[in-house]
Every structure is written in C-alpha cells, then in structure tokens.
Amino acid sequence: MAKKEEAPNMVEHFAEFKELKNIDKTTMISVLEESFRNVLAKMFGTDENLDVIMNPDKGDVQIFQNLTVVADGEVDDPNREISLTDARADNDPEVEIGEEHTKEIIFANFGRRAILTLRQTLQSKILDLQKEALYNKFKDLEGDLVSGEVYQTWSKETLLMDVEKNELHLPKSESIPGDFFRKGETVRAVISKVDNTNNNPRIYISRTSEAFLRRLFELEVPEIHEGLINIRAVARIPGERAKIAVESYDDRIDPVGACVGVKGSRIHGIVRELRNENIDVINYTSNPSLLIQRALSPAKISSIRLDEEEKKAEVFLRPEEVSLAIGKGGLNIKLASMLTGYVIDVYRDTEEAFEEDIYLDEFKDEIDGWVIDALKNMGCVTAKAVLNTPREQLIEKADLEEGTVDQVLEILQAEFED
C-alpha cells in the first residue's frame, strides 16, 4: 500500500519568492491563498464552497470543502453535494439530510501536476506584484538622483543596473554630448520617467534635464540640502552652458559663494560631471529687470524696457557689450531668456549717445548709494536712462520719495547742461 503524502509546507516551500522579491509575510500569505483558490476553482469548478486557511506559524495550509448532505443516490454535483452515508462515514455520524458537511481536502493528494499548476500560478502572481511594486517605487522617485553600473551600450540607449539589479534606461537623447560610457562604469542621472505599458515597468533616466543639475547642487552644497539656500530657477543647454539662480534664507550666507565654493571647489565637481558644462550662478531677485541684468552677465546693460504682460524685455547696451550679452552661438541670451521667462531683445545704442552718457556709479559723490542701487534695480544704469524714464515711473518702480527723485533728476540734468 502506497504511503499517503503529507500536506506540503507551502509557505516554506515558496519562501524563495519572499526572499528574492522582497514581499512581506502578510502579502505572501495572501498571494498563496489566492493562488490556491485559483487552482482549486479550476479543479472543482468553483471555490465558493471552499475555505482555504493559511497557517503561517506552522507553514502549512488547510482546505475545507463545504458540501450539502443529500439522500443516498441523489448526488447530482459531487463538488457541492455528498450522500448521507458518505458524510456519516467521514467523521460526521450525526449529520442529517439538508445539513452541511465539511470535508478536508489534502492538496498533495492531487499529485505533481496540481503542485506544478499551483507553483506556476504563484510565480505569475509574484511577478505581477513585483512589477507593481517596482513601478510604484520608482514612480515616487521621479526627479531623484540615482546611480547605476553600465551594463550594455547601444546606438540609441545605454542600459544600467542599480545596486538591486533594476534596469535603468538612459536614452541617447538624455545623455550629455560627450558622454562615453564603459561597461562596469558607475553613472549618475535622475529618474525622468517611469512607464508601465502592459504591466511592464520601464525606468528612464536623464543626464540632460534641469533636475539633474539641481540634484548635483543639492549633493555638493550642504546649504542647499539643509534648506538654507534655495534654487529658484535653472536653465541648461546640456554640455554647453547653464545658468542657475539661487537665494539665501539666511542673510549671513552668500548663496553664490556657497554654491561656487572656495576656489571653485564645489562647482568644479559638478562641471566635471556635466562634461565641462560652464555654469553661471547668480543671485535671484523678484525684480524682473534686475534678474535679467544678472542673467545677461557678464554683459553690462544700459537700460531695460519691460512688457510684463507679454513677458518681453528690450535691453539696450553699449556696442562693445552686445556680443557679451548674446554670447557664443547665442547661448548667453538664450539661457537668460530661459532662466527669467522673458523674451529678450538686444538693442545697440549709438556711439554718439554713449559718448554723452554717464554711468550712475559716477555720481556716488552727489547721490546716495542706496538711491543709485534702487534706480539700477529698475533697469536704469546710466544717467540718460534715468532722464528718459517718466518721473512717475521712477517714483513707483524705484520706490523713491518724490523729493528724492526730483533731486536726482536735477543733478543729472545739470551734468549734461554743463
């Protein structure tokens, strides 16, 4: 007589999935129960009258089938009914017709095919759970910095593996011009997008996005990481040049100096990571005229006319400053527009006008420095720029008293009359 198989220790038998897929015990038990029910439903036609009890402490499972007791010879559906004689013979001697009889089912008795089907069902569910967990994990990490080891490089993308062996896809379009990766090399990027087409998560990373530059600054500059310095705006042309506007919440901290570091110690590491991408760091201001002036650095502008509704700016410069404002290949003005959100048009003032004009800084002996700064902040850098601005606008935008404005206008007009 063949020895009766004992019910397998299913929880222990499939423990490998729990370890490999990082699924918690509660979820594992739930998946096991659901898998049993799916297999049993196919075997019995339904699982509605089945109770599946998982015993995580013992590591086994008990299955009970609830059957309606009918008279001998009247069993129409053996998966739902049992004869009175069979029920009483199955440890239920006092049961009567019409009552419910509970019969224990030993799953192992169904043979290897049933075990194999159960295992395949469980594998499929574990895989679905793992994909869902992977998608949710990385979807929440979009925009965060990640490191991966180069596994394979093709013409259109590079495949990296993180420490948990998750695949990270770096498209060629998201690589910095000049990027060249060797197999096994560690590469940093930000998670740019996570797709889940047909429940198949695919993680894309980027080295060209603004977020990558932000994360690198957060990594290199402790004051940014600690929230003492805030990155207000970023503009990048990957591999060429970038501009970043920062502000400090602590008056004792110079945000630009902190980002650059002593002798450029902090910014040099970022520049190297970005394949020698030049980075301009400027102080952020809510004053659009002043922000545009700073964004166009190293060019020194003479005056600005803003159309705040249309987000357009007309910038006037000395002839020798125009090329600096535009920059090589138009990069400087393009980045300044991206950083400030204004369409910037550059105009060349005539030589004759400049021969007669004077920078406001030349009047420091006659006009208080804070007044000059207020005028410069509204875009008036030269004497004629102030004189050509309506008096009411000087009072309103520079936030100066009427008497102060009149005094300034008198000083400047006297200079040209002389």
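Rules of the game
Residues numbered from 1 in each chain as written. Predicted model: local features only at pLDDT ≥ 70, side-chain atom pairs only at ≥ 80, totals over all residues. Heavy atoms only, no water. Helix = DSSP H or I, 4+ residues; strand = E, 2+ residues; numbered from the N terminus. Rg over C-alpha atoms; globule rule 2.2 N^0.38 Å. Buried < 20%, exposed > 50% of the residue type's maximum accessible area, 1.4 Å probe, protein only. Contact = heavy atoms within 4.5 Å. Lys, Arg positive; Asp, Glu negative; His and termini not counted. Charge placed at Lys NZ, Arg CZ, Asp CG, Glu CD. Salt bridge = Lys/Arg side-chain N within 4 Å of Asp/Glu carboxyl O. Pairing = 2+ DSSP bridges. Axes fitted to C-alpha atoms, helices over the stretch in contact; angles between N-to-C directions. Parallel < 35°, antiparallel > 145°, perpendicular 65-115°, else oblique. Patch = residues over 30% accessible without salt bridge, like charges linked within 9 Å, V, L, I, M, F, W, Y side chains within 5 Å. Areas by Shrake-Rupley, 256 points an atom, 1.4 Å probe, with all protein chains shown as cover. Polar contact = N/O pair within 3.5 Å; in protein donor to acceptor, adjacent residues only side chain to side chain. Left-handed = near helix turned anticlockwise from the far one by under 90°. Nonpolar A, V, L, I, M, F, W, Y, C, P; charged D, E, K, R; others polar. Core = buried A, V, L, I, M, F, W, Y, C linked by side-chain atoms within 4.5 Å. pLDDT = per-residue confidence, 0-100. Phe/Tyr/Trp six-rings, centres within 6.5 Å; stacked < 30°, edge-to-face > 60°.

Peer 1: Describe the overall build of the protein, naming the residues involved and giving the relevant values.
Peer 2: In terms of regular secondary structure, the protein is built from 17 helices and 15 strands. Relative to its length of 418 residues, the protein is extended, with a C-alpha radius of gyration of 37 Å against a globular reference of 22 Å. Counting over 418 residues, the protein shows a buried share of 42%. Taking the contacts inside the protein whose residues are at least 6 apart along the sequence as the reference set, 58% of them involve residues at least 24 apart. Distance between charge centres in the protein, computed from 52 positive and 83 negative side chains, equals 8 Å.

Peer 1: Any chance you could break down the pattern of salt bridges for me, citing the residues and the numbers?
Peer 2: Note that side chains of opposite charge can pair when their charged atoms are close. The final tally for this structure, using the stated rule, is 24 salt bridges. A salt bridge links Arg275 to Asp179; the shortest N-O distance between them is 2.6 Å. Here Arg275 is found in the loop between α9 (265–273) and β12 (278–283), whereas its partner Asp179 is found in the loop between β7 (167–171) and β8 (186–195), with 96 residues between them in sequence. When salt bridges with common partners are traced through the structure, they connect Asp179, Arg188, Arg207, Glu273 and Arg275 into a single cluster.

Peer 1: Which residues make up the sheet that holds strand β5 (residues 145–153), and what are the values?
Peer 2: Read around the closed barrel, five strands run β5-β6-β7-β9-β8, paired in mixed fashion. Sheet twist, expressed as the mean angle between neighbouring strand axes with direction ignored, is 55 degrees. With respect to the sheet, helix α6 (residues 210–220) is in contact with β5, β8 and β9 (202–206), its orientation differing from that of β8 by roughly 130 degrees.

Peer 1: Give me the packing of helix α11 (residues 319–326) against helix α12 (residues 331–340): which residues, what numbers.
Peer 2: Here α11 crosses α12 at 65 degrees, and the two axes come no closer than 5 Å. It follows that α11 is roughly perpendicular to α12 by the angle criterion. Contacts between α11 and α12 involve Leu324, Ala325 and Ile326 on the former and, on the latter, Leu331, Asn332 and Ile333.

Peer 1: Describe a negative patch on the surface, naming the residues involved and giving the relevant values.
Peer 2: Residues Asp72, Glu74, Asp76 and Asp86 make up a contiguous surface patch of negative charge. Along the chain, Asp86 turns up in helix α4 (residues 84–89).

Peer 1: Break down the sheet that holds strand β15 (residues 343–348) for me, with residues and values.
Peer 2: Ordered in space as β13-β14-β15, the three strands form an open sheet in which the pairing is mixed. Only two strands of the sheet have a single partner each, and these edge strands are β13 (301–307) and β15. Adjacent strand axes in the sheet meet at a mean angle of 20 degrees, parallel and antiparallel pairs treated alike. Pairing geometry for β13 and strand β14 (residues 312–317), over six bridges, is antiparallel. Bridge assignment links Asp307 to a residue of β14, and that residue is Lys312. Docked against the sheet, helix α10 (residues 288–295) engages β13, β14 and β15, running at close to 130 degrees with respect to β13. Where α11 meets the sheet, its contacts fall on β14 and β15, and the angle it forms with β14 comes to roughly 135 degrees.

Peer 1: Got a sec to walk through the side chain of Arg207? Specific residues and values, please.
Peer 2: As for its position among the elements, Arg207 is in the loop between β9 and α6. A distance of 2.9 Å separates a polar atom in the side chain of Arg207 from a polar atom in the side chain of Asp179. Each residue touching Arg207, except ones within four places of it in the same chain, is listed here: Leu170, Glu174, Ile176, Asp179, Phe181, Val187, Arg188, Ala189, Phe212, Arg236, Glu273 and Arg275.

Peer 1: Give me the packing of helix α3 (residues 25–44) against helix α5 (residues 112–139): which residues, what numbers.
Peer 2: The N-to-C vectors of α3 and α5 enclose an angle of 135 degrees; their axes lie 9 Å apart at closest approach. One way to sum up the angle between α3 and α5 is to call them oblique. Read as a crossing pair, α3 and α5 show a hand that is right-handed. Between α3, through Thr27, Met28, Val31, Leu32, Glu34, Ser35, Phe36, Asn38 and Val39, and α5, the contact on the second element is made entirely by Ala114, Thr117, Leu118, Thr121, Leu122, Lys125, Ile126 and Leu129. Across the contact of α3 with α5, the residue classes break down as ten nonpolar, five polar and two charged.

Peer 1: Can you tell me about unusual backbone geometry, naming the residues and giving the values?
Peer 2: Of all residues except glycine, most have a negative phi; of all peptide bonds, most are trans. A cis amide bond links Ser297 to the next residue, Pro298, at an omega of 15 degrees. Within the secondary structure, Pro298 is located in the loop between α10 and β13. Of note in this structure, Asn276 is not a glycine but carries a positive phi near 65 degrees. On the basis of relative accessible area, Asn276 is assigned to the exposed category, the value being 57%.

Peer 1: Can you explain the nonpolar core? Please cite residues and give values.
Peer 2: Among soluble globular proteins, nonpolar side chains are generally buried collectively. One finds Ile292, Leu296, Ile301, Val315, Leu317, Leu339 and Ile344 to be the most contacted residues of the largest nonpolar core, which totals 25 residues. Judged by nonpolar contacts, the second largest core, of 24 residues, contains Val221, Ile244, Val256 and Ile279.

Peer 1: Any chance you could break down the pairing of β14 for me, citing the residues and the numbers?
Peer 2: Turn length for the β13-β14 hairpin, with the two strands adjacent in sequence and antiparallel, is four residues, and the turn residue Lys311 shows positive phi of about 55 degrees. In terms of strand pairing, β14 meets β15 through six bridges, oriented parallel. Paired with Leu317 across the two strands is Arg348, which belongs to β15.

Peer 1: Got a sec to walk through the confidence of the model for the protein? Specific residues and values, please.
Peer 2: Residues at a pLDDT of 70 or more form 92% of the protein, whose mean pLDDT is 88. Across residues 1–8, where pLDDT falls below 50, the model places eleven contacts with residues more than four positions away in sequence or in other chains.

Peer 1: Lay out the packing of aromatic side chains in plain terms, naming residues and giving numbers.
Peer 2: Throughout the structure, instances matching the rule amount to four aromatic pairs. Here the aromatic rings of Phe36 and Phe107 are separated by 5.1 Å at their centres, their planes lie at 80 degrees, and the arrangement is edge-to-face. Highlighted residues: Phe36 in helix α3 and Phe107 in the loop between β4 (100–105) and α5, separated in sequence by 71 residues. A relative accessible area of 0% places Phe36 in the buried class. Through a chain of ring-to-ring contacts, the aromatic side chains of Phe36, Phe44, Phe107 and Phe110 assemble into a single cluster.

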